[in-house]
Amino acid sequence: MTMRWLEMDDGVRLRTWQSGAADADQFPVVLVHGGPGLPDYLEPVATLIDDMAQVHRYDQRGTGGSRWDGPHTVARHVQDLGQLIDAWGHDRVVLVGHSYGTDLTSCFVRAHPERVARVVYLCGPFVGPWRDPTRTAERARRSDSQQARLEELEVLASRTDEEEIEYLALSWFTDHGDPNHAWEWAMESAHALRPINWTMNAQLNADKRTEPLESDIDRLRAVLPAGSTIIGGAEDPRPAASLRRLGVELGCDVTIIPGAGHHPWMERPAEFAAVLRGAVADTDRRW
């Protein structure tokens, strides 16, 4: 695996990683992490497929080792992704987006369909009335004391490092369906993914609401490459039914992995790897 910084047209440098070898018969893969406001965390996903294809990852503008310049807009992040693909020397790629990364991926494929050979959606995008069922499922996984503490930390004007870690863990452990490991995994993520760019998070979420994906499903369906797929987890608090409905609307396959949560490579690594590798292996650039 190699790491390097690539400069965008406005001078902002983004941290990127590359693993795997180029294959003349296989499109390269770009992993698009979620958030918004988190750094890349998809190295475990890259290791599942980098024996099959060249795999790229990056810290989105405003996260991790990339410069935190703003203001942040979806259009700017779409532009960054296009410039990265250019810098990597690719005409077309397979985009694999996770969580918020599925929203960013959808925006990119609508803007630049000629650059995308296939889309693999991981645990998103969620459209329609999905937020209330998600909050209900998350609340059911928290004890009363955990919920009270989360609400207490949420309204603080500022949080200490220890409070931020606790807040993130209380927010994230419900993403996992395995109660024996959920808190451990959430604490690991809370330590590894800090600091969160909350300003970026607020700016991009507000920008998304000005042109929600729900309003442009017809356009997405028209440009989504053949063979694109959605992979979700049955134990993700976000409703799998929403992904199934979206699959029907987009005309793409949907696989919901039993026992997996919002990070299916953690809870069901073998099952997830088989589905992901199948989706990538089917993308042959000889057609």
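Residues numbered from 1 in each chain as written. Predicted model: local features only at pLDDT ≥ 70, side-chain atom pairs only at ≥ 80, totals over all residues. Heavy atoms only, no water.

1. Considerations on the pairing of strand β7 (residues 229-233)
Piece 1. Counting buried positions over the five residues of β7 gives five, a clear majority of the element.
Piece 2. Sheet topology places β7 next to strand β8 (residues 253-257); five bridges connect them, and they run parallel. Bridging across to β8, I230 finds its partner in V254.
Piece 3. Between the parallel pair β7 and β8, the chain is carried across by helix α10 (residues 240-250), and the sense of this crossover is right-handed. (Buried < 20%, exposed > 50% of the residue type's maximum accessible area, 1.4 Å probe, protein only. Helix = DSSP H or I, 4+ residues; strand = E, 2+ residues; numbered from the N terminus. Pairing = 2+ DSSP bridges. Right-handed = clockwise from strand over helix to strand, strands pointing away.)

2. Quick look at unusual backbone geometry
Piece 1. Cis rather than trans, the peptide bond between G124 and P125 has omega equal to -5°.
Piece 2. The topology assignment puts P125 in the loop between β6 (116-122) and α4 (131-141).
Piece 3. With an omega of 0°, the peptide bond running from R194 to P195 counts as cis.
Piece 4. Here P195 is to be found in the loop between α7 (182-192) and α8 (198-210).
Piece 5. The backbone of S99 sits at a positive phi, close to 55°, despite the residue not being glycine.
Piece 6. Examined against the element boundaries, S99 turns out to sit in the loop between β5 (93-98) and α3 (100-111).
Piece 7. For C123, which is not glycine, the phi dihedral falls at a positive 60°.
Piece 8. By secondary structure assignment, the location of C123 is in the loop between β6 and α4.

3. Topic: the sheet that holds β7
Piece 1. A sheet is described by the order of its strands in space; here eight strands give the open sequence β1-β2-β4-β3-β5-β6-β7-β8, paired in mixed fashion. One side of each edge strand has no neighbouring strand; the edge strands of this open sheet are β1 (2-7) and β8. Neighbour-to-neighbour, the strand axes of this sheet turn through a mean angle of 20°, independent of strand direction.
Piece 2. Pairing of strand β2 (residues 13-19) with strand β4 (residues 55-58) involves four bridges; the strand directions are antiparallel. From the neighbouring strand, S19 faces β4, where its bridge partner is V55. (Axes fitted to C-alpha atoms, helices over the stretch in contact; angles between N-to-C directions.)

4. As for the pattern of salt bridges
Piece 1. Applying the stated criterion across every chain, the model contains 21 salt bridges.
Piece 2. Across the pair D40 and R57 runs a salt bridge, and its minimum N-O distance is 2.4 Å. Here D40 is found in the loop between β3 (29-32) and α1 (43-49), whereas its partner R57 is found in strand β4, with 17 residues between them in sequence.
Piece 3. Residue classification places R57 among the buried positions, given a relative accessible area of 5%.
Piece 4. Ionic pairing is found between D86 and R115, a salt bridge with its closest N-O pair at 2.9 Å. Of this pair, D86 sits in helix α2 (residues 74-87) while R115 sits in the loop between α3 and β6, and the two are 29 residues apart along the sequence.
Piece 5. On the basis of relative accessibility, which here comes to 47%, the residue D86 falls in the partly exposed class.
Piece 6. Note on R115: relative accessible area 14%, which makes it buried.
Piece 7. It is possible to trace a salt-bridge network through shared partners that takes in D9, D10, R61, R76 and D80. (Salt bridge = Lys/Arg side-chain N within 4 Å of Asp/Glu carboxyl O.)

5. Let's talk about the state of the cysteines
Piece 1. A full pass over the atoms with the stated rule returns zero disulfides.
Piece 2. In this structure C107 is not part of a disulfide, and its nearest cysteine sulfur, from C252, lies 16 Å away.
Piece 3. Here C123 stays free of any disulfide, with the sulfur of C252 as its closest cysteine sulfur at 14 Å.
Piece 4. We classify C123 as buried; its relative accessible area is 1%. (Disulfide = S-S within 2.5 Å.)

Any functional reading would require information that these geometric values do not contain.
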